[in-house]
Amino acid sequence: MYKRRLSSETRVGNIGIGGENPIRIQSMGTVDTNNTEGCVAQAKRIIDAGGELVRFTTQGTREAENMKNISAQLKADGYNSPLVADVHFTAHTADVAAQYCEKVRINPGNYVDPGRTFKHLEYTDEEYAEELKKIEAKLVPFLNICKEHHTAVRIGVNHGSLSDRIMSRYGDTPAGIVESCMEFLRIFRRENFNDVVISIKASNTVVMVTTMRLLVETMDKEDMHYPLHLGVTEAGEGEDGRIKSAVGIGALLTEGIGDTIRVSLSEEPECEIPVARKLVDMIPECTKLREEAQASIKDDTITLNVDAPDWETLQLKAAMAVGALLIDRKATKLVITSPASYASPASLTSLADAILQAARIKFTKTEYISCPGCGRTLYNLQETIAKIKAATKDLVGLKIGIMGCIVNGPGEMADADYGYVGAGRGKISLYKAKECVEKNIPEEEAVEKLLELIRKDRA
Ligand code: SF4
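Treat the numbers as computed from the prediction; the structure is a model and nothing was measured. (Residues numbered from 1 in each chain as written. Predicted model: local features only at pLDDT ≥ 70, side-chain atom pairs only at ≥ 80, totals over all residues. Heavy atoms only, no water.)

1. Section: the overall build of the chain
For the chain, the count of helices and strands is 15 helices and 17 strands. Its C-alpha atoms give the chain a radius of gyration of 21 Å, near enough to 23 Å, the size a compact globule of 459 residues would have. Viewed in the frame of its principal axes, the chain has a C-alpha envelope of about 60 × 55 × 55 Å. Looking at the chain as a whole, 60% of its 459 residues qualify as buried. Summarising the internal contacts of the chain: among those between residues at least 6 apart in sequence, 70% fall at separations of at least 24. Total accessible area on the chain is roughly 17,500 Å²; 51% of this is exposed by carbon and sulfur atoms. Charge centroids of the chain, computed over 57 positive and 66 negative side chains, lie 1 Å from each other. (Helix = DSSP H or I, 4+ residues; strand = E, 2+ residues; numbered from the N terminus. Rg over C-alpha atoms; globule rule 2.2 N^0.38 Å. Buried < 20%, exposed > 50% of the residue type's maximum accessible area, 1.4 Å probe, protein only. Contact = heavy atoms within 4.5 Å. Areas by Shrake-Rupley, 256 points an atom, 1.4 Å probe, with all protein chains shown as cover. Lys, Arg positive; Asp, Glu negative; His and termini not counted. Charge placed at Lys NZ, Arg CZ, Asp CG, Glu CD.)

2. What to know about the UniProt feature "domain: IspG TIM-barrel" (unreviewed entry) in the chain
In this numbering, the UniProt entry assigns the feature "domain: IspG TIM-barrel" (unreviewed entry) to residues 9-276. Secondary structure within residues 9-276 divides into 46% helix and 17% strand; the distance between the first and last C-alpha atoms comes to 21 Å. (UniProt positions renumbered as here; feature names shortened; annotations may be inferred.)

3. Quick word on the pattern of salt bridges
A complete count under the given rule lists 35 salt bridges for this structure. Glu131 is paired through a salt bridge with Lys134; the nearest N and O atoms lie 2.9 Å apart. Residue Glu131 and its partner Lys134 are located together in helix α4 (residues 125-149), separated by three residues, close to a single helical turn. Taking the relative accessible area as the measure of exposure, Glu131 reaches 16% and is therefore buried. (Salt bridge = Lys/Arg side-chain N within 4 Å of Asp/Glu carboxyl O.)

4. A short note on the environment of Leu265
Its location among the elements puts Leu265 in the loop between β10 (260-261) and α9 (272-281). Leu265 sits 194 residues away from Ser71 along the chain, and the two C-alpha atoms are 24 Å apart. Contacts of Leu265, omitting those with residues within four sequence positions, involve Gly236, Gly241, Arg242, Cys271, Glu272, Val275 and Pro372.

5. With respect to the domain arrangement of the chain
Domain parsing of the chain yields domain 1 (9-279), domain 2 (288-358) and domain 3 (367-458). With 19 residues of domain 1 at the contact, the number on the domain 2 side is 18 residues. Together, the buried faces of domain 1 and domain 2 total about 1,600 Å²; carbon and sulfur atoms form 66% of this surface. Considering only the surface of domain 1 that becomes buried against domain 2, Ile243, Val247 and Lys278 emerge as the three largest contributors, covering 34% of it. Where domain 1 touches domain 2, the interface holds five salt bridges. For the pair domain 1 and domain 2, the interface holds nine residue pairs in polar contact (both at pLDDT 80 or more). Among the elements that line the side of domain 1 that touches domain 2, the one with the most residues is helix α8 (residues 238-253), at 10 residues. (Domains from an automatic or database assignment. Buried area = accessible area lost by both parts, 1.4 Å probe. Polar contact = N/O pair within 3.5 Å; in protein donor to acceptor, adjacent residues only side chain to side chain.)

6. Brief notes about the sheet that holds strand β7 (residues 152-158)
On the basis of which strands lie adjacent, the closed barrel formed by eight strands has the order β3-β4-β5-β6-β7-β8-β9-β10 and parallel pairing. Pairing geometry for strand β9 (residues 228-230) and β10, over two bridges, is parallel. Looking at β10, one finds that His229 is bridged to Thr260. Contacting β4 (53-57) and β5 (83-87), helix α2 (residues 61-76) runs over the sheet at an angle of about 165° to β5. (Pairing = 2+ DSSP bridges. Axes fitted to C-alpha atoms, helices over the stretch in contact; angles between N-to-C directions.)

7. Observations regarding the site of the ligand
As a structural note, the neighbourhood of the ligand is formed by 10 residues, with Cys371, Cys374, Thr377, Gly404 and Cys405 the closest of them. Residue composition of the shell around the ligand, grouped by class: five nonpolar, four polar and one charged. (Near = heavy atom within 4 Å. Nonpolar A, V, L, I, M, F, W, Y, C, P; charged D, E, K, R; others polar.)

8. Looking at the side chain of His88
When you line up the elements, His88 lands in the loop between β5 and α3 (91-97). Only 3.3 Å separates the side chain of His88 from the side chain of Asn107, close enough to count as a polar contact. With near-sequence residues (within four places) excluded, His88 lies in contact with Arg105, Asn107, Asn110, Arg376 and Val407.

9. Examining empty space enclosed by the protein
Overall, the coordinates contain three cavities of 30 Å³ or more when judged by the stated rule. Its boundaries defined by the atoms lining it, the second largest cavity holds a volume of some 180 Å³. Ala235, Asp240, Lys244, Glu367 and Tyr368 are, among the 16 residues lining the second largest cavity, the residues nearest its centre. Secondary structure elements with two or more residues in the lining of the second largest cavity: α8, α12 (345-358) and β13 (367-370). Top element by residues in the lining of the second largest cavity is α8. It accounts for four residues. For the lining of the second largest cavity, a count of residues per class yields five nonpolar, five polar and six charged. (1 Å grid on protein atoms, 1.4 Å probe; cavity = no way out; pocket = protein on both sides within 12 Å on 5 of 7 lines; lining within 4 Å. Points joined across faces, edges and corners; volume = space filled by probe spheres on them.)

10. A look at the sheet that holds strand β14 (residues 399-403)
Reading across from one edge, β13-β14-β15-β16-β17 is the order of the five strands in this open sheet, with mixed pairing throughout. For this open sheet the edge positions go to β13 and β17 (435-442), each flanked by a neighbour on one side alone. Looking at each pair of strands side by side, their axes are set apart by 20° on average, direction ignored. Here six bridges tie strand β15 (residues 418-424) to strand β16 (residues 427-432), and the two strands are oriented antiparallel to one another. Paired with Tyr418 across the strands is Lys432, a residue of β16. Where helix α15 (residues 443-458) meets the sheet, it contacts β14, β15, β16 and β17, and its direction lies at approximately 145° from that of β17.

11. Here we look at the nonpolar core
One finds Phe142 and Ile355 to be the most contacted residues of the largest nonpolar core, which totals 115 residues. Here the element with the most residues in this core is helix α11 (residues 311-327); it accounts for 11 residues. A domain-level breakdown of this core finds at least three residues from each of domain 1 (9-279) and domain 2 (288-358). Apart from residues lying up to four places away in sequence, Ile355 is in contact with Ile243, Val247, Ala318, Ala319, Val322, Leu326, Leu334 and Ile336. Of all hydrophobic cores here, the second largest spans 26 residues; its members include Leu381, Leu398, Ile428 and Leu451. (Core = buried A, V, L, I, M, F, W, Y, C linked by side-chain atoms within 4.5 Å.)

12. Concerning the layout of surface pockets
Computed from the structure, the largest pocket encloses a volume of approximately 220 Å³. As for the largest pocket, its lining consists of 16 residues, and the residues nearest its centre are Thr30, Thr377, Tyr379, Leu381 and Gln382. Composition of the lining of the largest pocket by domain shows at least three residues from each of domain 1 (9-279) and domain 3 (367-458).

Here it is, written out as structure tokens:
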């Protein structure tokens, strides 16, 4: 039976997250944050679709300042949903954004630490403690600004942008990912700052689910019960993006974890909202289906009988019902049946394969790790994904990362075979595994260069 984890409530503008509040649905704009009109129009589309919070990237002070104009215009037009600023690399930007937004997301991986280089760093305990003091020195003034303006904060850890400091000390482990969050949370608590939401996201559903569970356990031990934001980053687009999100987010929702969610798709942001809505609405039903599917396990096989009014809902429901069972490797095979007349046996088999791939058990098609895009995106993301997919879709077993910018690129693509990353406006860098092999290629030539690279290696 579904029972939601009890959390404290965080006030974010005119809504509450956690506590007794419904699970909130959110999305993020893709328009340049300096483009007030574009951001306002996009925020309205997200809100009209049912989004309850809208996030925009704030690369620097200029973008953070413009959140004031975006917020004023939206409020003047009767749109009062909270706005969230997304900050990476420049702690000062968070100080500015906190004055104009209802919530600011900071990333422990780059709030003070520089961007990830995969270098191993050696610290004595004293040196490590000094690094934590540097974080505190930036964080405390920021929290004071947030207190003054009643601004909430999301501590948003990304597996893809963990710092070299954390990676060197803890390795690429769930414990390290959780600790990167706890280091910040302990400062928040010392400062008596409780308007917090926490997220740990990864494009790998197994990493995302296991670290979120560990985070809950670790917070409980330290008597912290903050609300949680769930998401699978770089899930991609289309059916695969939806299925991957449903496996990861659904696994946690069906065990009562999660107070707000974002389904990240490399599509228009308003397309994310109906998918998120369905996941939230199907929690009780999928919790029951999960129990039935677990009871069905025989010979390492889950048998799931699932019905739904349409194909997309059926896909999401199936992925959500069995996500946790597969992530926990309760079984590694899946058979889906359905009374729905539109669901052919072949389509149900390919759905089962897609779910097994999303749970990282069996890879039957090319894997794309593509970010949803945001105001930092440095090239035409959707068009590029379509081109790369069309040219590589038959290369089973290949993993290709397609990232709008460097924030999450290198980390999330650490286990990808190739990476296509925005390096500057209209400029692309290509990666082979973790190594950057071509820098700053003009966008027009980059897809072909990537394909050349793949062809050469396969030959
Ligand atoms: S990786 Fe994509 S979504 Fe993430 S910050 Fe860069 S452009 Fe935005």
